[in-house]
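Architecture and fold: a report
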Amino acid sequence: MPTELISIINNFYKKNVLIFSFLLLILVLILDFVTGQAIQFPIFYVLPVGILSWRGYKKLSYIISFFMPTSRIFFSFIWNGEFDLLEVIINAFIVMAALTIYTYLLNTIYLQVKSREKN
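Residues numbered from 1 in each chain as written. Predicted model: local features only at pLDDT ≥ 70, side-chain atom pairs only at ≥ 80, totals over all residues. Heavy atoms only, no water.

A look at helix α2 (residues 17-34)
Our working rule: A run of H or I in DSSP counts as a helix once it spans at least four residues, and a run of E counts as a strand once it spans at least two, with each numbered from the N terminus. What a helix should span is 1.5 Å times the count of its residues minus one. Throughout, a residue-residue contact means that at least one pair of heavy atoms, one from each residue, lies within 4.5 Å.
With 18 residues, α2 should cover 26 Å at 1.5 Å per step; its first-to-last C-alpha distance of 26 Å lies within 8% of that length. Residues of α2 that are buried sit in contact with α1 (2-15), α3 (46-54) and α4 (58-79). Where α2 terminates, the next one or two residues include Gly36, which has phi positive at roughly 90°.

Some details on the nonpolar core
Selection rule: Working definition of a nonpolar core: buried Ala, Val, Leu, Ile, Met, Phe, Trp, Tyr and Cys residues. They are joined through side-chain atoms within 4.5 Å. In this scheme, a residue with accessible area under 20% of its type's maximum is buried, one over 50% is exposed, and one in between is partly exposed, where area comes from a 1.4 Å probe on protein chains only.
Within the largest apolar cluster, 12 residues are counted, these being Leu25, Val28, Leu29, Tyr45, Val49, Leu52, Ile64, Met68, Phe75, Trp79, Val95 and Leu99. When contributions to this core are tallied by element, the ones reaching two or more residues are α2, α3, α4 and α5 (85-118). Ranked by the residues each element gives to this core, the list is headed by α4, at four residues. With five residues, the next largest nonpolar core counts Tyr13, Phe20, Leu24 and Ile51 among its residues.

With respect to the packing of α3 against α4
A pair of packed helices can be characterised by two numbers: the angle between their axes and the separation between those axes. Filter applied, for reference: Helix axes are fitted to C-alpha atoms over the stretch in contact, other axes to C-alpha atoms as well, and angles between N-to-C directions run from 0 to 180 degrees. If an angle is under 35 degrees, it is roughly parallel; if it is over 145, roughly antiparallel; if it lies from 65 to 115, roughly perpendicular; otherwise it is oblique. Three classes are used, and their members are as follows: Ala, Val, Leu, Ile, Met, Phe, Trp, Tyr, Cys and Pro are nonpolar, Asp, Glu, Lys and Arg are charged, and the others, Gly among them, are polar.
Relative orientation of the contacting elements α3 and α4 amounts to 170°, with a least axis distance of 8 Å. When the axes of α3 and α4 are compared, the pair comes out roughly antiparallel. When α3 is examined against α4, the residues Pro48, Val49, Leu52 and Ser53 are found in contact with a partner set consisting of Leu60, Ser61, Ile64, Ser65 and Met68. Residue composition of the contact of α3 with α4, by class: six nonpolar, three polar and no charged.

Remember that the coordinates give geometry; whether it matters functionally is a separate question.
The structure is reproduced here in C-alpha cells:
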C-alpha cells in the first residue's frame, strides 16, 4: 500500500510539476496557519520553491520565495497573537532572503546540469 501511494505521487509529480508544487505550497501554508503564530514551519517553504527551481521555473520560484513569508505576515493579522508586527515582518524578510539565496543556488545548479546534458 505505501509503495503504491509513493508510486502514484511520483507519477503525478513527473507529469504535473506545477500542480504538484502548488498543492504542496497550499498544504504547507495550511499547516503553517493551523499551527498558529508560535509554531512556524519556514523550513518546509523550501519544498515548493526547491521543486520549481530544480525544474527550471526560475521566476515562479522567486515569486513564491516572497509570497510564502508574506502570507505569514497576513496570518498575523488574523491571529492577533503575542508577537509584535515588527518581529513578524523582520522574520519574514529573513526567510525571504534565505529562500531567495536558495532559489538562486538551485537555479544555478539547474542551468549547469542542463548545459552539461547538452554537451
